[in-house]
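# Chains, contacts and geometry: an overview
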Amino acid sequence: MAEYKWPDADKRTQIGKRIARLDGAVKVSGKAKYNSDLNRPGMLHGKVLRSPHAHAKIISIDTSAAEQMPGVKAVHIINGVGFEIRWAGENIVAVAALDEPTAEDAIRAIKVQYEKLPHLVVDHDLKIAGEWATPTNESKKGDYEKGFAEAEVIHEGVYGMPVITHCCLEPHGSVTEWEDDNLLVHLSTQAVSGIAAQMATPMEIPAGKIRVKQDHIGGGFGSKFGPDAWDVAGAKLSKKAGGKPVRIFLERDAELMVAGTRPSHYAKVKIGAKKDGTLTAWQSESWGSGGPNGSGSPPLPYVIDIPNQSRKHVSIANHVGPSRAWRAPNHPQACFVTMSALEDLAAKLNMDPLEFVLKNKALLGTRKDNYADELMLAAEKIGWKKTWHPRGDKTPGPIKRGLGLSFHTWGGGGHASDCDLVIQPDGSVEVRMGTQDLGVGTRTALAIVAADTLALPLEAIKISIGDNRFPASGGSGGSTTIGGISASTRRASLDALDKIFEKAAPTLNAQPAELEAIGGKIQVKGDASRSLTWAQACAKLGAMPITVRGKNPGPGPLTSQGVGGVQMADVAVDIETGIVKINKIVAVQDCGLIINLKLTESQVYGALIMGVCWALYEEKINDQTTGKTLNANMEFYKLAGIGDIGQLEVHMMTGKGYDERGVIGIGEPPAVSPGAVISNAVANAIGVRVPGLPLTPDRVLAALETKGGR
C-alpha cells in the first residue's frame, strides 16, 4: 500500500522546479478561449436595465414597448414591483435580442417608476453614518489601561483605506443555453464544481441537469464564486427564447459598480511602548463599510499580539454595491492600520523599525523565528542597513527616498478535492478534476504532481479540468486550491502506481512492494536490468483502463496551513508634485512545499503589482448627492501601468523547515502587505504620515502641508 507523502528532495524530478505554464503559449498568443470570447450558433445578446438610484423602491415596471420591438426575443423581470433597491446599478430587467444595439434600445424603452429613499455612500465619517452605523464587535485582552500607564511613549493616529473594486479584466458573466430540459452554462467562475447546486433552485431543475464549463478565467480575486442574478436571468431568457444561447457579460461600468468591492476600513489607534521599544498596549476604534451588509471587523492588531488590548468596531451599512471576498479578506486593511501605527510609534521612539519589530519578536506568534529570518533576508536584499534613515530624508532637492517594512500571515490549507487518474493500456495518462485555474497554473501543477509520481515526462500527462462532470473540487478561494488539488492528485497517482506494480510484478519475478517507477520505467528497486518500459507495464492491464479516485482530505501529511511573509519597499517621493515612485519592493515568503517555483514566484509578483495599484491609485468614488459611482470606467478608475511598478524581487523560503509542512496556498498572503509597506516607505521619505490610501499626489501634498509646508 502506498505511503502518502511527498518525495524526498533528492527524489523529485519535477516538483519544485521552474517550469513554464503548459497553457502559457495559448494564452499569450490569444488562442485561449475565455467564456467571454464564446460566439455560439444562434446566440442572442442580453442586456440588463439597472437602477439609477442608490436607494429606492420599485413602484411600477412597463416592459411592453421592449417586448414589441423587432429583434427582441425575450424579456425577464429580475426584481419587480415592491423590491427595495440598495445600490445604484441594481438589476431590474434583462432582455435578449438578436444583437447588442437592439438589446440596448430595448432596455431604454422599459419604463420604471421609483420611490426614492434616503441613501448613504460615504463611509469615512461616523457622524454622517447615523442609523446605518452599528457597533458589531468589542473585545479586550489584558489590562489596556495598565498597559498605557506603563508605556513611556504613546502614539495616536487615524488611518484609513477606501472601497476598491475587483476590476477583473474578464468581466462577470456567462453564456447559457438549453438542450431539451438540460442547461449548459459557460460561466466565468472560481468554483466550477459548485455552480450547478446554486443554480438548481432558481432554475427549478435538478442540479444533475446543469452542466458548467470553463476553459480559462480572466480574473476573479474572490468575486466570482456563485452565479449572479444576471447569470440566472440569462438562463431564464434562454428558456423563453426556445433554448437559444444567451450571452450576458457586464459592461465595464457595471463591472465596477455592482460586481463586488473590498470593504473600506478606518481606525483611530492608540499604541504604547517603553523607551526600549517593548510594546505594552493597543487601543483601536475602527469602522468601515462593504455595502448594504456592512463590514466585518479586521483582525487588529495584525499578527503582533500586543499584551494589553481594547478593540471596538462599527459596521456601516451603506449603498455602494455589494462587497465580496477580495484576496485575503480583511487582512490588507488590518495590516495597513497596524503596520502604520507600529512604524509611527517607532519613529516617535527614534528607533529603526526593523530593530523595533525584532525587539518585539516574541509577540509574533508561532512563526516568530520565520518572520525574523525573512526580515533579515529582505533587509539584505533591499540594502536596509545602508539606505534606511530616520524619518524625513534630509538630502537636498525635492526627491526624497524612504524605506518601509511590513509582515503578514494567511491560512492556505487545501480544500476538499477529488481527482480521477485514468491510465490506458497504451500507457496514456489523464487527470480529471472539476477545478479551475484562477492563477495557480492548475494544469501545470496537476501535471507536475502526476508526472513526478509516475516518473513520466510532463507531456505524457493529459489534464482535463473546467467541467463539473469531472470529480468535484473546491472553489478557488482562501488560497486553498493548490493544497487541495495537489494532495488528491498525489494520492490518486500513488494508488494508480500500486495497481501498475501489481500487474508488472509477475513479469519481473518480484513482489509489487519491490518495484519502483523511475525514468519512464517500472523496475525492481535498484536493479535497472529487471525493468519494463511504462508502455510495457501498462500493456499488462489488458483491454480495460484503470481509474483511481484520489481525495483530499485523505491520509498522509500532504498539506497544512499557516504561512508568513515580509515585504520591504524603497520609494522616491517628489515633494513638489506629491508623486510617489516605486524604486524596489522585496517580498520574502514561505508556503511550505512548492510544486512549481516559477509559478509560485509569479503569484507573488502578481500580488505585488496588484498592491501597487491599490496603494497608489485605486478608489471607488461615489457621489453622496446622487449615489452614483463617478469613476466607473478605466479612465478614472486608475490602475498602475508598467512604468509605475518599479523593480520587484521575490524570494521563497524553501528546504528544511518548510518543505516538511506540505503544500500550502500562496495566492493571498503577498497581497496583504503592499499598501502598508509602501505607505511606511513614503512616511520615512517625507517625514510625515499620509494617513489614508491611495497615496495620490493630493494626499501626499496635504500631509506635507500639515507638517508645516513643503
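Reading guide: rules and limits
Along each chain, residues carry numbers from 1 onward, in the same order as the chain's sequence is written. Residues qualify for local features only when their pLDDT is at least 70, as the model is predicted, and side-chain atom pairs are given and counted only at 80 or more; totals for whole chains, interfaces and linings, by contrast, use all residues. Side-chain measures were taken over the full set of non-hydrogen atoms in the model, leaving aside hydrogen atoms and water. Counting from the N terminus, the helices are DSSP H or I runs at least four residues long and the strands are E runs at least two residues long. With C-alpha atoms as the basis for the radius of gyration, the globule rule is written as 2.2 Å multiplied by the number of residues raised to the power 0.38. Relative accessibility decides the category of a residue: with a 1.4 Å probe and only protein chains considered, values under 20% of the type maximum give buried, values over 50% give exposed, and everything between is partly exposed. Whether two residues are in contact is decided by their heavy atoms: any pair within 4.5 Å suffices. Note on areas: these come from Shrake-Rupley sampling with a 1.4 Å probe, and a residue is covered only by the protein chains present in the view. His residues and chain termini do not enter the charge count, which takes Lys and Arg as positive and Asp and Glu as negative. One atom stands in for each charge, and that atom is NZ of Lys, CZ of Arg, CG of Asp or CD of Glu. Here, strands pair whenever DSSP counts at least two bridges between them. Pairing of aromatic side chains requires ring centres within 6.5 Å, counting the rings of Phe and Tyr and the six-membered ring of Trp. Pairs whose planes differ by under 30 degrees are stacked, by over 60 edge-to-face, and all others tilted. To sit over a ring, a charge needs its Lys NZ or Arg CZ within 6 Å of the ring centre and within 35 degrees of the ring normal. The angle between two axes is taken between their N-to-C directions and runs from 0 to 180 degrees, where each axis is a line fitted to C-alpha atoms and a helix contributes only its stretch in contact. Note that the domain bounds were set by an automatic or database domain assignment. Here's the idea: put two parts together, see how much 1.4 Å probe accessible area each one loses, and the total over both is what we call buried area. Between Lys or Arg on one side and Asp or Glu on the other, a salt bridge is scored when a side-chain nitrogen of the former is within 4 Å of a carboxyl oxygen of the latter. By the criterion applied in these results, polar contacts are pairs of N or O atoms within 3.5 Å in which, for protein atoms, one can donate a hydrogen and the other can accept it, and in which residues neighboring in sequence qualify only through two side-chain atoms. Note on residue categories: nonpolar means Ala, Val, Leu, Ile, Met, Phe, Trp, Tyr, Cys or Pro, charged means Asp, Glu, Lys or Arg, and polar means any other residue, Gly included. When the strands point away from the viewer and the path from the first strand over the helix to the second turns clockwise, the crossover is right-handed. Each cavity reported here is a set of points on a 1 Å grid over the protein atoms alone in which a 1.4 Å probe fits but cannot get out, each pocket an open set with protein on both sides within 12 Å along at least five of seven lines, and each lining residue one with an atom within 4 Å of a point. Grid points are joined across faces, edges and corners, and a volume is the space filled by probe spheres set on the points.

All right, on to the overall build of the chain then. For the chain, the count of helices and strands is 18 helices and 28 strands. Taken over C-alpha atoms, the radius of gyration comes to 28 Å for the chain, in line with the 27 Å a tight globule of 710 residues would show. In terms of overall dimensions, the chain has C-alpha extents of about 85 × 70 × 45 Å along its principal axes. Every one of the 710 residues in the chain was classed for burial, and the buried ones make up 59%. Excluding contacts between residues fewer than 6 apart, the proportion of contacts in the chain whose partners are at least 24 apart in sequence is 80%. For the chain, the accessible area works out to roughly 27500 Å², and carbon and sulfur atoms hold 52% of it. Computed over 79 positive and 77 negative side-chain charges, the separation of the two mean positions in the chain equals 1 Å.

Turning our attention to the sheet that holds strand 6 (residues 111–116). An order of 4-2-6 is seen for the three strands of this open sheet, with the pairing classed as antiparallel. The two strands at the open ends of the sheet, each matched to only one other strand, are strand 4 (84–85) and strand 6. Pairing of strand 2 (residues 56–62) with strand 4, which is carried by two bridges, proceeds in the antiparallel orientation. In the sheet register, Lys57 faces strand 4, and the bridge partner there is Glu84.

Below, the discussion takes up the packing of aromatic side chains. Tallying each qualifying case throughout the model produces four aromatic pairs. Taking 6.1 Å as the distance between ring centres and 20° as the angle between the ring planes, the aromatic pair formed by Tyr266 and Trp287 counts as stacked. One end of the pair, Tyr266, is in strand 15 (residues 265–273); the other, Trp287, is in strand 16 (residues 279–289), with 21 residues separating them in the sequence. On the basis of relative accessibility, which here comes to 13%, the residue Tyr266 falls in the buried class. Accessibility expressed as a relative area gives 13% for Trp287, which makes it buried. Lying over the aromatic face of Trp326, Arg262 brings its terminal NZ or CZ to 4.6 Å of the ring centre. Above the ring of Phe148, the side-chain terminus of Lys270 is found at 4.5 Å from the ring centroid.

With that out of the way, let us pick up the sheet that holds strand 1 (residues 44–50). Taken together, seven strands build an open sheet; the order of strands is 3-5-1-13-10-11-12 and the sheet is mixed. Across the chains shown, the open sheet's two edge strands, defined by having one partner strand only, are strand 3 (72–77) and strand 12 (210–213). If you compare each strand with its neighbour and ignore which way they point, the axes differ by 25° on average. Bridging between strand 3 and strand 5 (residues 91–97) involves five bridges; their strand directions are antiparallel. The residue bridging Ile77 from the neighbouring strand is Val93, located in strand 5. Each of strand 1, strand 3 and strand 5 touches helix 3 (residues 100–109); the most contacted strand, strand 1, lies at about 30° to it. Those strands touched by helix 7 (residues 229–240) are strand 1, strand 3, strand 5, strand 10 (173–179), strand 11 (182–187) and strand 13 (246–249), and its axis lies near 30° from that of strand 10.

Before going further, it helps to spend a moment on the domain arrangement of the chain. Partitioning the chain into structural domains gives domain 1 (9–32 + 414–551), domain 2 (35–117 + 173–249) and domain 3 (261–412 + 561–707). Between domain 1 and domain 3, the C-alpha centre-to-centre distance is 39 Å. Contacts between the two partners involve 23 residues from domain 1, matched on the other side by 20 residues from domain 3. Summed over both sides, the interface of domain 1 with domain 3 buries roughly 1500 Å², with 53% coming from carbon and sulfur. Joining domain 1 to domain 3, the criterion identifies two salt bridges. Residue Arg12 pairs with Asp659 through a salt bridge whose shortest N-O separation is 3.2 Å. On the surface where domain 1 and domain 3 come into contact, there are 10 residue pairs in polar contact (both at pLDDT 80 or more). Mapped onto the side of domain 1 that touches domain 3, the elements with two or more residues apiece are helix 13 (442–454) and helix 14 (481–504). Along the lines of polarity and charge, the residues of the side of domain 1 that touches domain 3 split into eight nonpolar, 11 polar and four charged.

Structurally, Arg443 can be placed in helix 13. You can call Arg443 buried: its relative accessible area is 13%. In this structure the side chain of Arg443 is engaged in a polar contact, spanning 3.3 Å, whose partner is the side chain of Asp23. Engagement of the side chain of Arg443 in a polar contact is seen with the backbone oxygen of Asp215, the distance being 2.8 Å. With residues near it in sequence (within four places) discarded, Arg443 still touches Leu22, Asp23, Asp215, His216, Asp437, Ile463 and Ile465.

Now for the pairing of strand 28 (residues 647–653). Relative to strand 28, strand 27 (residues 580–590) is paired through seven bridges, and the arrangement is parallel. Within the sheet, the bridge partner assigned to Gln589 lies in strand 28 and is Met652. With respect to chirality, the unit in which strand 27 leads through helix 16 (residues 597–616) into the neighbouring parallel strand 28 is right-handed.

This paragraph deals with the layout of surface pockets. Roughly 1300 Å³ of volume is contained in the largest pocket. Lining the largest pocket are 50 residues, and of these Gly219, Phe221, Arg327, Leu438 and Met610 lie nearest its centre. Of all the secondary structure elements, the ones that give two or more residues to the lining of the largest pocket are helix 14 and helix 16. Element by element, the count of residues in the lining of the largest pocket is highest for helix 16, at eight residues. The class makeup of the residues in the lining of the largest pocket is 24 nonpolar, 20 polar and six charged. Along the walls of the second largest pocket sit 26 residues, with Arg490, Leu494, Leu497, Glu516 and Ala517 positioned nearest its centre. For the lining of the second largest pocket, the elements supplying multiple residues, two or more each, are helix 13, helix 14 and strand 22 (515–518). When its residues are assigned to classes, the lining of the second largest pocket shows 13 nonpolar, three polar and 10 charged.

Applying the stated criterion across every chain, the model contains five cavities of 30 Å³ or more. Ile482, Ile595, Asn596, Thr600 and Gln603 are the residues nearest the centre of the largest cavity, which is lined by 15 residues in total. Each residue belonging to the lining of the largest cavity can be placed in one class, and the counts come to 11 nonpolar, four polar and no charged. Of the pockets and cavities examined, the second largest cavity occupies roughly 50 Å³. Lining the second largest cavity, in full, are Met339, Leu342, Glu343, Ala346, Pro353, Phe356, Val357, Leu405, Phe407 and Asn680. Going through the elements one at a time, helix 9 (331–348), helix 10 (353–359) and strand 18 (399–410) are the ones with two or more residues in the lining of the second largest cavity. When residues in the lining of the second largest cavity are grouped by element, the largest group, four residues, is from helix 9. Taken together, the residues of the lining of the second largest cavity sort by class into eight nonpolar, one polar and one charged.

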